[in-house]
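So you can see what is in the structure, the chains are spelled out below.
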Amino acid sequence: MIYRPLSIVVPVKDRERLIVRCLDSIYNQTYRPIRLIVVDNNSTDGTVAAVEKWKEVKESDDFTVKIVSESRPGAAAARNRGLLEVDTDYMLFFDSDDVMLPELAVTVMETFDRNKKLDVVYWRTAIVNDKEEVIPKRFARFDLIRRQVYNAVLSTQAYAIRTAFIKRIGAWNDSLLCWDDLELGLRILLNEPTIKGIFRVLVHIYPQVNSITGTNYYSKVGEWEKALDCMEHYVLSNSHVMSRKILEMITYRRINLAALYHAEGYPEFGETLLHKTISESNLPKWRKKLLSFIYNYTRLGGRAAYLLWT
């Protein structure tokens, strides 16, 4: 195996108490060389000082650390700033809340090394809840476009990518403050990468109340819809054999989002989005009725309604 350097971009904002856990997990990778790029996104606490102190202790010839800043708000803008610093063939993005298992980097780079044509390597992740229970997330081996739209299998911390590939497709949409990885993942797949999945869990995700995604939908009403709008626009502007089907999947995501607004106690948000989506759709009447059923089923606690849709 040829040990090529791997770049890792970590955006961070106000994570003084969490950032070292994330950085330690990167340092503890069994693979070298690694080039770590930390992008501060307007932190107001001691985050930058914590990273600088950590860097003084950990940096070496085969583990370099670069700290840069991005004043434009949002993780997507920070990730794009970090991408400007990447000069390696392969790279990955990672979130400051989360933890890599020690074998992630070597597993990924061995996979790239075995198949020089690969553009993307993705892996399974797991949620660690407040009881310290590790719950593996859904993973997809096939039908990746569908699974991306419905389940975001290419979430931020779930894949590595050829640097030239992500730069070619335009990197992150930094106008988005929510579901930016949902949108980027769809663009990646629509550009038909050579891709390989690894079924093993290689990342532990620690949900945070004050993360970009947060723990509810109503507090960012309009932002989620903006991501879906961008996805729809990209599908419409790029001919693809699955375009019609993908647009229907995005329609489902709108209805699902509407139902979640309602379930969280904001029926006015939900009903508005429901009626807007149905009125603007060119679907036949029976499909529109199915959307209404899915809305009510989901807002009352029903799960996996996408199985009724496709």
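The rules we used
- In every chain, residue numbers begin from 1 and rise along the written sequence.
- In keeping with the model being predicted, local features are shown solely for residues with a pLDDT of at least 70 and side-chain atom pairs are shown and tallied solely at 80 or more, while totals for entire chains, interfaces and linings include all residues.
- By convention in this description, side-chain values take in all heavy atoms of the structure and omit both hydrogens and water.
- Definitions used throughout: a 1 Å grid over protein atoms alone; a cavity as a set of points that fits a 1.4 Å probe which cannot get out; a pocket as an open set with protein on both sides within 12 Å along at least five of seven lines; a lining residue as one with an atom within 4 Å of a point.
- Grid points are joined across faces, edges and corners, and a volume is the space filled by probe spheres set on the points.
- Helix and strand definitions here come from DSSP, where helices need a minimum of 4 consecutive H or I residues and strands a minimum of 2 consecutive E residues; each element is numbered from the N-terminal end.
- Residue type decides the class: Asp, Glu, Lys and Arg count as charged, Ala, Val, Leu, Ile, Met, Phe, Trp, Tyr, Cys and Pro as nonpolar, and the leftover types, Gly among them, as polar.
- Pairing of aromatic rings covers Phe, Tyr and the six-membered ring of Trp, with a centre-to-centre limit of 6.5 Å; geometry is then stacked below 30 degrees between planes, edge-to-face above 60, and tilted otherwise.
- Exposure is judged per residue with a 1.4 Å probe applied to protein chains only, and the accessible area is read against the type maximum: over 50% gives exposed, under 20% gives buried, and values in between give partly exposed.
- Multiplying 1.5 Å by the helix residue count minus one yields the expected span of that helix.
- Directions are taken from the helix axis to each C-beta atom, and the arc is the one they span.
- The criterion used for residue contact is that any of the two residues' heavy atoms lie within 4.5 Å.

1. Quick look at the layout of surface pockets
- Its volume calculated, the second largest pocket comes out at about 430 Å³.
- Put simply, the parts of the chain that give the lining of the second largest pocket at least two residues each are helix H8 (223-237), helix H9 (243-263) and helix H10 (267-280).
- Here the lining of the second largest pocket is composed, by residue class, of six nonpolar, five polar and eight charged.

2. Quick word on the packing of aromatic side chains
- Throughout the structure, instances matching the rule amount to 17 aromatic pairs.
- Ring centres of Tyr150 and Tyr252 lie 5.2 Å apart, and the angle between their planes is 80°; this geometry places the pair in the edge-to-face category. Taken together, the residues span a long stretch of sequence, with Tyr150 in helix H5 (residues 144-151) and Tyr252 in helix H9 at a distance of 102 residues. Assigned by exposure class, Tyr150 and Tyr252 land together as buried.
- Taken together, Tyr218, Tyr261, Tyr266 and Phe269 form an aromatic cluster joined through their ring pairs.

3. Details of helix H2 (residues 47-58)
- With twelve residues, H2 extends 16 Å between its outermost C-alpha atoms, agreeing within 8% with the 16 Å of an ideal straight helix rising 1.5 Å per residue.
- Within H2 the residues assigned to the buried category are Thr47, Ala50, Val51 and Trp54. Summarising the axial view, the buried residues of H2 lie within an arc of 95°, below the 170-degree limit, and thus occupy one face. Of the exposed residues in H2, the ones pointing more than 90 degrees away from its buried face are Lys53 and Glu56.
- Along its buried surface, H2 packs onto strand E1 (6-12), helix H1 (19-27), strand E2 (34-40) and strand E3 (63-69).

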